[in-house]
Every structure is written in C-alpha cells, then in structure tokens.
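# Topology and contacts: notes
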Amino acid sequence: MTLRISVIGTNYLGATHAAGMAEFGHHVIGVDIDDDRVKILNAGQSHIYEVGLEPLLEQHTASGRLRFTTDYTAVADWADVHFLALGTPSGPDGAADLSQLHAAVDALGPLLTRPTLVVGKSTVPVGTAVALEQRLRRLAPAGDGVEIAWNPEFLREASAVEDTLRPDRLVFGTHSAPALHLLEEVYAIPLTDRTPVVRCDLATAELIKVAANAFLATKISFINAMAQMCQAAGGDVTLLADAIGYDKRIGRDFLNAGLGFGGGCLPKDIAALAVRADELGVHVLGNLIHAVEAINDGQRAEVAELAIAQAGGDVHGLTVAVLGASYKPGTDDTRNSPALTVAELLHARGAQVRVFDPQARLPTRDGFTQVASVEEALRDADITLHLTEWPEFRQLDPVELGTLVRHKVIIDGRLKLHVPSWTDAGWKLVQIGRAATL
Ligand code: UDX
C-alpha cells in the first residue's frame, strides 16, 4: 500500500531515508529549515557526496513522488507517518544535544489535528522517545491520538543508500499494535525480501542502536590495543586479525587496526551512551566506553609520534605530506577525522602540512594547505603519511613518487599499503601495529 510519508530533517540520514521511502513506492515530503538545501534537493541534486543518492533524488523528484519543503503545514495532516531524522550532536559534556529534535517536535506538534504516528530514526539516549511523546501530546490538538515509535537507522556513510534499501535488520520499537502494523506497511518491500525484524518496546529500540555502535567501536579499539601489543612484542596485527576473524563468533569485520574510528556518529554516540550510563548508575558501561575512547584517541597521537620519531624527534620546519582527510574512504565527511587530528598534531609541532584528499574540501589555514593532487602533496616532502585508505592510494607508483620527495619515508596509519612495492622502491615504510621498521 502506498503511504504518505514525511521525513523531517534532510541531512545524511533524512535525505537518504526520504529517497529510500520514495524508492519503496511511497509519496514522500522531506522537511528542513534550510532553504538552500531544500532548493538543491527539489532540483533532484544531493548536497552531500553519497554513492547512489543523486540518481534516486533525480528519479523521484522528476516523477513527483518526492519533494522537499520548509513548511511544516504541508506535511502535518497530510502524512500517514512522520519520520524524525534530525541530528543529535554532542553537547559540551558529551551528552546528546536534543535541541533539533525538540525544535522539530515543537514545530510539528501544534499542527497535528488528527491521530498520527511519529517515528524516531535519530540516535538518542534511552528514555527520549517517551519524553518526546509526552511533549507531542501536550502540544497537539489530536492529544493522545499522537503516538511515537522508534525505528533506529544503521546506515553507514558511503553505503547509505544500499544500507537503506537493503538493511541487515529492521527494528520496530512501538507500544501499540496499530503502530506496528503501520511500520510493517512502510517497510513492506524489505519485509517481503525476508529482512529480519526485531519488534520491541521503545527503550530496547533506542538501546539497540547505541549498543551496535558501542560494540563496533569496542571491536576497533580492541584490535588497536592488540596492535600496540604486536608493536611491543614483534607481532603482526593484520595476520592476527585475519586469524581471529576466521572464528565465526568473532568475524573479520571491524578488525582493521590503524588510526581508529572517527566521523559524525560513532564517537558522539558512544560518548552520549557513557553519559547516559553514568546518569543511570551503570558505571561499568561508562568505564568500558571511556577505555574504548582512550585507546582511540591514543592511536592518533601514536601515528603523529611515529612521524616525529622518523624526523629525529622534531618536525619543526619540515614539509609533511598527508594522504587523506575524510574520516574514512568513500565520503567527503571530515567530522572527527583521525587523519586531520594527526595533521593538526604535526602542524602544532611546527610542520608545514600539505593535505590531499580525493573528495574532502578543507578550509585553508596557515601552514596547513590542501592541494589538488598526490604529486603536489609529495613534492619536496620530508615525511609522507597515509591516513585515509582511499583505494586510489593503493594504486600509487612508489618509484615515481620517490623522485618527488626529499626523503623517502612513509607512515602507513591504515596498514593498507603493499609493503614490498614501497620498500623495493627504496622507501622506508613504517606501519602502526607492526614491530619492524621496514
Ligand atoms: C557507523 C555505523 O557503522 C553505522 O551503523 C551507524 O549508523 C553510524 O556509524 P559510519 O560512521 O558511516 O557508520 O562508518 P563506519 O564504516 O562504521 O566506520 C566508522 C569508523 O571506524 C571510520 O572512521 C572507519 O575508518 C573506522 N574503522 C572501521 C576502523 O578503524 N577499523 C575498522 O575495522 C572499521
């Protein structure tokens, strides 16, 4: 059955969700307070770099099934279901800042004159859904006819469209049978493809999302701690990860050691979980997360120190080439990027840092320049760092690049470069998590 769906908030999550809902056959209106973004999206274009998103936007805005507006009155009583896809950034103490969600609910609530379902997709501290429902019911003329459900989103940047159209699982957190039934209609297409569904209460749905993120972050920090062991003891963390990954109970995914995790989600979501755990007196969880965060921060400092050590303890006045600025390959997103933290640490120690990234664009600052090619970054460089594992960096020709630099020294912060190719070309290659300086 075709439904009328509104998606409130149209950044990474909301824009992809709105396009995905249209692809599932529904009529969709995306709502955002940003007039410029609404104009871009209505033109069938994407304001973010995300594989496969623009073709969907183009197709469904052209067919009339998808449009965007800044006007809540266009969706309030029109939609069968309202999705909340607002950002929940970190507040000053690490707690989630819910102001965007509150503003959206405050704008929508007074316009809801008929019973309706409002479904949260954002990552939130447990307890938020119930509080939002009370807030909505106080504001809405439809009162208790307004119901909240929670349907967390697990999409990853760089594969957001694929994750939305073919999710690993769906989570429906509801407290009524009609709400559950409506969600099953919204997701009729993935459900016919036998996508697993977990039907649960609101608190479990909220916690599932943060638990998934915390577990992924823990896996990464665990392998990075093992990388430090390998470095201290003479082992190889990649072989170690391969070997333990063959155990089906462990799995090889998210066991790539290196600079650790960044981006707009994992760091902020686990910080918010730690704050909420401490609020609820569950200090063991808060302590676990703080250990995961400390390992993650330490990796960035460790890579910067490796570079400084290669320069004989001082990078002041040296030219440093940095390959990669986005927090992971396949995206232009530089939020909480490990690569940029390392670049900033070296810049703070007096190095002239030149950064190249295939997609990310950075504001220019003194001594920290973005350049348009790998060659430009490496010309006369004293040290090169490979910090975001874009596939094109693995295709580079170390022989040719060796003719550009002042010193053939490269730090591989992502353990992805082909060691013999670089060493055969006369480079000194230093990898985090490997004992030997090759
Ligand atoms: C993450 C979750 O995967 C997703 O389910 C959630 O909805 C949002 O947060 P995302 O931030 O897009 O998604 O990226 P992801 O691919 O999970 O990578 C997160 C970070 O971990 C990146 O910085 C990546 O470089 C790092 N990472 C990942 C590692 O350091 N090692 C690994 O083995 C895997």
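Residues numbered from 1 in each chain as written. Predicted model: local features only at pLDDT ≥ 70, side-chain atom pairs only at ≥ 80, totals over all residues. Heavy atoms only, no water.

### Section: empty space enclosed by the protein
What the rule picks out here adds up to one cavity of 30 Å³ or more. Here the largest cavity defines a volume of roughly 100 Å³. Counting residues per element, the ones that place at least two in the lining of the largest cavity are helix H9 (202-233) and helix H11 (266-279). Within the lining of the largest cavity, the residues separate by chemical class into nine nonpolar, three polar and three charged. (1 Å grid on protein atoms, 1.4 Å probe; cavity = no way out; pocket = protein on both sides within 12 Å on 5 of 7 lines; lining within 4 Å. Points joined across faces, edges and corners; volume = space filled by probe spheres on them. Helix = DSSP H or I, 4+ residues; strand = E, 2+ residues; numbered from the N terminus. Nonpolar A, V, L, I, M, F, W, Y, C, P; charged D, E, K, R; others polar.)

### Section: the site of the ligand
Near the ligand lie 20 residues; those nearest to it are Phe154, Leu155, Glu157, Asn256 and Lys328. Backbone polar atom of leucine 255 to an oxygen atom of the ligand: 3.3 Å apart, as the coordinates give it. In the environment of the ligand, an oxygen atom lies 3.4 Å from a nitrogen or oxygen atom belonging to the backbone of glycine 260. Protein burial of the ligand: of its 670 Å² of free accessible surface, 91% is covered by the chains. Per-element accounting of the shell around the ligand gives the leading share, four residues, to H9. Here the shell around the ligand is composed, by residue class, of ten nonpolar, four polar and six charged. Looking at the shell around the ligand, you find at least three residues from each of domain 1 (4-200) and domain 2 (233-438). (Near = heavy atom within 4 Å. Polar contact = N/O pair within 3.5 Å; in protein donor to acceptor, adjacent residues only side chain to side chain. Areas by Shrake-Rupley, 256 points an atom, 1.4 Å probe, with all protein chains shown as cover. Domains from an automatic or database assignment.)

### Observations regarding the side chain of threonine 164
Residue position: threonine 164 is located in helix H6 (residues 160-165). Take threonine 164: its relative accessible area is 7%, and that puts it in the buried class. Not counting the four nearest positions on each side in its chain, threonine 164 is found in contact with Thr16, His17, Gly20, Phe24, Glu153 and Leu155. (Buried < 20%, exposed > 50% of the residue type's maximum accessible area, 1.4 Å probe, protein only. Contact = heavy atoms within 4.5 Å.)

### Focus: helix H5 (residues 128-139)
Between its first and last C-alpha, H5 extends 17 Å over twelve residues, near the 16 Å set by a 1.5 Å rise per residue. By the burial criterion, the buried members of H5 are Thr128, Ala129, Leu132, Glu133 and Leu136. Seen from one end, H5 has its buried residues packed into an arc of 130 degrees, which puts them on one side. Buried-residue contacts for H5 involve strand E4 (81-84), helix H4 (99-108), strand E5 (116-120), strand E6 (146-150) and H9. (Expected span 1.5 Å × (residues − 1). Arc of directions from axis to C-beta.)

### Observations concerning the pattern of salt bridges
Two side chains that carry opposite charge are able to pair once their charged atoms sit near each other. Across all of its chains, the model carries 18 salt bridges by this definition. Notably, a salt bridge pairs aspartate 163 with arginine 156, separated by 2.8 Å at the nearest N-O pair. The shortest N-O distance in the salt bridge between glutamate 162 and arginine 166 comes to 2.8 Å. (Salt bridge = Lys/Arg side-chain N within 4 Å of Asp/Glu carboxyl O.)

### Looking at the packing of aromatic side chains
Tallying each qualifying case throughout the model produces four aromatic pairs. Where phenylalanine 24 meets tyrosine 187, the ring centres are 6.4 Å apart and the plane angle is 70 degrees; that geometry is what we call edge-to-face. Pair noted here: phenylalanine 24 is in the loop between helix H1 (12-23) and strand E2 (27-31) and tyrosine 187 is in the loop between helix H7 (177-186) and helix H8 (188-192), with a separation of 163 residues, a long-range link. Just as phenylalanine 24 is buried, tyrosine 187 falls in that class too. Relative to phenylalanine 393, the ring of phenylalanine 356 has its centre 6.2 Å away and its plane inclined at 65 degrees; by these criteria the two rings are edge-to-face. One end of the pair, phenylalanine 356, is in strand E10 (residues 352-356); the other, phenylalanine 393, is in helix H15 (residues 391-394), and 37 residues separate them in sequence. The structure contains a cluster of three or more aromatic residues connected by ring pairs, namely Phe24, Phe172 and Tyr187. Just above the ring of phenylalanine 154 sits the side chain of arginine 169; from NZ or CZ to the centre is 3.5 Å. (Phe/Tyr/Trp six-rings, centres within 6.5 Å; stacked < 30°, edge-to-face > 60°. Lys NZ or Arg CZ within 6 Å of the ring centre and 35° of its normal.)

### Brief notes about the packing of helix H12 (residues 283-310) against helix H13 (residues 338-348)
H13 packs onto H12 with a crossing angle of 45 degrees between their chain directions and a minimal axis gap of 9 Å. By the criterion of interaxial angle, the relationship of H12 to H13 is oblique. The way H12 lies across H13 gives a crossing that is right-handed. Of the residues in H13, those in contact with Arg300, Ala301, Val303, Ala304, Ala307 and Ile308 of H12 are Pro338, Thr341, Val342, Leu345 and Leu346. (Axes fitted to C-alpha atoms, helices over the stretch in contact; angles between N-to-C directions. Parallel < 35°, antiparallel > 145°, perpendicular 65-115°, else oblique. Left-handed = near helix turned anticlockwise from the far one by under 90°.)

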